[in-house]
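Coordinate analysis (summary)
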Amino acid sequence: MSRTFFVGGNWKMNGSVEQYRSLIKHLVEAKLDEKAEVVISPPALYLLPSKELVANSPIELSAQNAYFKPSGAFTGEISVAQLKDAGIPWVILGHSERRSIFGESDELIAEKTKAALEAGLKVILCVGETLEQREKNESIDVVIRQLETATKGLSSWDNIVIAYEPVWAIGTGKVATEAQAQEVHAAIREWLGKAVDSQTASSVRIIYGGSVAAKNSRQLAEQKDIDGFLVGGASLKPEFVDIVNSRL
Ligand code: PGA
């Protein structure tokens, strides 16, 4: 398998000046799998000062959201162009908390994805079904529909990582089983093969998110189509290092 293992740490709206400094210090000093790509996503406020702290390490930074317009009267927003200008290479888009709490539609996520890629950013694109949808056996349909809309007309998949994050598993401690995650990841890869091409299907990273912890990450990481993780709660703890090192 030639896809580089990818671990993202989504801090969400957590942390303080003191905490972000100590979390990054811990990570920079830790022994991390050299073959893994590690991207952390502190709140926007801490992105620029974090840049200096990760400067001499392989750790990269991501924003948790961005707006698609380059500039203008959009109070409270940060644009993809501003992230690019500030040297922040990644952005998380379509996270279920953005969808459910802030009402982001598939169409808005599509606009953001297009703008982010055009601006030269790399995107962690999140998709996932609710518990109700899973119980109705709709998981794969929902995820493919979200992907189809968010990536319509996309010319290149080089700068996209897909994060499968079942909503019922996020922050609940109820991690998907290896089989449940693998099934959806395989379906996404199959869809990529049909909708795009086989080269894209075999090269795009599909990562899993939802209650990933040191105690479950190794088994998940062994699955054929699981290329890494997007980690929320555990990315604020020392065990994040063990999750990064799941394949060691
Ligand atoms: P969790 O969050 O690891 O706390 O479940 C994952 C995410 O929302 O990306």
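Details of the structure are given in the entry above.
Every value quoted in this text rests on a predicted model; they were computed, and no experiment measured them.

1. Some words on the overall build of the chain
Regarding its fold elements, the chain presents 11 helices and 8 strands. Whereas a compact globule of 248 residues would reach a radius of gyration of roughly 18 Å, the chain reaches 17 Å, a difference of no more than 12%. For the C-alpha atoms alone, the extent of the chain along its principal axes is close to 45 × 45 × 35 Å. Once local pairs closer than 6 in sequence are excluded, the contacts in the chain between residues at least 24 apart make up 72%. Carbon and sulfur atoms provide 50% of the accessible area of the chain, an area that totals close to 11800 Å².

2. What to know about helix H5 (residues 106-118)
In this model H5 runs 18 Å from its N-terminal to its C-terminal C-alpha over 13 residues, within 8% of the 18 Å that 1.5 Å per residue would give. Every buried residue of H5 is accounted for by Ile109, Ala110, Lys112, Thr113, Ala115, Ala116 and Leu117. On its buried side, H5 packs onto helix H3 (80-85), strand S4 (90-93), helix H4 (96-100), strand S5 (122-127), helix H7 (139-150) and strand S6 (160-164). Phi turns positive one or two residues past the end of H5, at Gly120, with a value near 95 degrees.

3. A short note on unusual backbone geometry
The phi dihedral of Asn137 is positive, around 65 degrees, even though this residue is not glycine. Considering the arrangement of structural elements, one finds Asn137 in the loop between helix H6 (131-135) and H7. Its identity as a non-glycine residue notwithstanding, Ser211 has a phi of 60 degrees, on the positive side. Along the chain, Ser211 falls in the loop between strand S7 (205-209) and helix H10 (214-221).

4. Here's the deal with the packing of helix H1 (residues 17-29) against helix H2 (residues 47-54)
Put simply, H1 and H2 touch, their axes get as near as 10 Å, and they point 25 degrees apart. Regarding the angle of H1 to H2, the classification is roughly parallel. Every pair of crossing elements has a handedness; the one defined by H1 and H2 is right-handed. Residues Tyr20, Arg21, Ile24 and Val28 of H1 touch H2, and the partners they reach there are Pro49, Ser50, Leu53 and Val54. Classifying every residue of the contact of H1 with H2 gives 6 nonpolar, 1 polar and 1 charged.

Procedures and definitions
Residues numbered from 1 in each chain as written. Predicted model: local features only at pLDDT ≥ 70, side-chain atom pairs only at ≥ 80, totals over all residues. Heavy atoms only, no water. Helix = DSSP H or I, 4+ residues; strand = E, 2+ residues; numbered from the N terminus. Rg over C-alpha atoms; globule rule 2.2 N^0.38 Å. Contact = heavy atoms within 4.5 Å. Areas by Shrake-Rupley, 256 points an atom, 1.4 Å probe, with all protein chains shown as cover. Expected span 1.5 Å × (residues − 1). Buried < 20%, exposed > 50% of the residue type's maximum accessible area, 1.4 Å probe, protein only. Axes fitted to C-alpha atoms, helices over the stretch in contact; angles between N-to-C directions. Parallel < 35°, antiparallel > 145°, perpendicular 65-115°, else oblique. Left-handed = near helix turned anticlockwise from the far one by under 90°. Nonpolar A, V, L, I, M, F, W, Y, C, P; charged D, E, K, R; others polar.

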